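If you want the building blocks of each chain, they are given just below.
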Amino acid sequence: MEYLSRRASDLSGVEREEADKIDTAGLYEKLGPGTIREISEAFYAAVYSREGWFREIFSNVEKEHAINNQYTFFVEKFGGPRIYTATKGHTALIGRHGPYKISHAAAQEWLACMEEAIDTVPSVDQQSRTIMMNYFKHMAYYISCGMDLVNQNRLVGYGDRPGGYHQLGN
Ligand code: HEM
């Protein structure tokens, strides 16, 4: 959705073309599944070490389950085996985040956890870090902007289905 992508770029400071480099950078090949799993483990370690409203978003989420969901998603997104969609179907990230209260502040906090996580994994080189962070920044705000529209009833439909959401007006 063009409007969401524009908003996400404005808020994150990352243009869509930069974020999309994740699709062709071959990071699965370069980093390998072990490093990708380490990133997801470090990310959720950071999330669960937080206190307060951000940690609350994850209060009903089982850590190992969340790590596995994120890991299989990243493997696929970074160019590896398509385990995530094979088992769960369309990625539909806005819809999958529907049950959670995701504000722009939550996007910022998610990104802080991810930056912290990546920095604890020494096998991540600088170029891969930049490509990942650009994608994460754009996507985090894409999701929070999407939630804004859902809450204003300007994005309607079924977020967990392919092409399931439709935007009303601008
Ligand atoms: C799942 C929060 C951004 C990818 C989840 C879950 C929560 C959450 C609470 C449920 C845990 C689970 O059941 O796996 C947030 C918050 C974000 C955010 C607060 C801030 C904007 C992102 C971003 C990505 C992402 C930027 C991808 C780049 C995923 C994936 C799942 C997930 C793949 C698993 C969904 C599933 O398979 O059901 N997120 N997330 N999230 N998130 Fe996020």
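The coordinates are above.
Residues numbered from 1 in each chain as written. Predicted model: local features only at pLDDT ≥ 70, side-chain atom pairs only at ≥ 80, totals over all residues. Heavy atoms only, no water.

Neighbouring residues of the ligand: 22 residues in total, closest Asn69, Tyr84, Lys88, His97 and Trp110. Contact between the ligand and His97: a nitrogen atom at 2.8 Å from a side-chain N or O atom of the residue. Those elements giving two or more residues to the shell around the ligand turn out to be α5 (63–77), α6 (83–88), α7 (93–96), α8 (104–118) and α9 (126–151). The element contributing the most residues to the shell around the ligand is α9, with 5 residues. Residues of the shell around the ligand, tallied by class, amount to 17 nonpolar, 3 polar and 2 charged. (Near = heavy atom within 4 Å. Polar contact = N/O pair within 3.5 Å; in protein donor to acceptor, adjacent residues only side chain to side chain. Helix = DSSP H or I, 4+ residues; strand = E, 2+ residues; numbered from the N terminus. Nonpolar A, V, L, I, M, F, W, Y, C, P; charged D, E, K, R; others polar.)

Quick look at the side chain of Asn134 now. Inspection of the secondary structure puts Asn134 in helix α9. Relative accessible area serves as the criterion here: at 15%, Asn134 is assigned to the buried category. Non-local contacts of Asn134, meaning those with residues more than four positions away in its chain, are made with Val14, Glu18 and Ala19. (Buried < 20%, exposed > 50% of the residue type's maximum accessible area, 1.4 Å probe, protein only. Contact = heavy atoms within 4.5 Å.)

Coordination of the iron atom of the ligand by the protein comes from a single atom, His97 (NE2), at 2.0 Å. In this fold, His97 is placed in the loop between α7 and α8. (Donors = N, O, S within 2.8 Å, 3.2 Å for Na, K, Ca; no water.)

On to the packing of helix α1 (residues 2–12) against α9, then. Interaxial distance between α1 and α9 falls to 8 Å at its minimum, and their mutual angle equals 120 degrees. Here α1 is positioned oblique relative to α9, judged by the angle of their axes. Read as a crossing pair, α1 and α9 show a hand that is right-handed. Together, Tyr3, Leu4, Ser5, Arg7, Ala8, Ser9, Leu11 and Ser12 of α1 and Lys137, His138, Tyr141, Tyr142, Cys145, Gly146, Asp148 and Leu149 of α9 make up the contact between the two elements. In terms of residue class, the contact of α1 with α9 is built from 8 nonpolar, 5 polar and 3 charged. (Axes fitted to C-alpha atoms, helices over the stretch in contact; angles between N-to-C directions. Parallel < 35°, antiparallel > 145°, perpendicular 65-115°, else oblique. Left-handed = near helix turned anticlockwise from the far one by under 90°.)

With that settled, the discussion passes to the environment of Arg37. Locating Arg37 in the fold gives a position in helix α3 (residues 27–49). With relative accessibility at 26%, the residue Arg37 sits in the partly exposed group. Residues Arg37 and His90, 53 residues apart in the sequence, show an inter-C-alpha distance of 21 Å.

This next bit is on the environment of Trp53. Tracing the backbone through its elements, the reader meets Trp53 in helix α4 (residues 53–57). Accessibility expressed as a relative area gives 48% for Trp53, which makes it partly exposed. Ignoring sequence-local partners within four residues, the contact set of Trp53 consists of Ser103, Ala105, Ala106 and Glu109.

Direction vectors running N to C along α3 and α9 enclose 75 degrees, while the axes themselves pass 12 Å from each other. By the criterion of interaxial angle, the relationship of α3 to α9 is roughly perpendicular. On α9, the residues that touch Leu27, Lys30, Leu31 and Ile39 of α3 are Gln127, Ser128, Ile131 and Met132. For the contact of α3 with α9, a count of residues per class yields 5 nonpolar, 2 polar and 1 charged.

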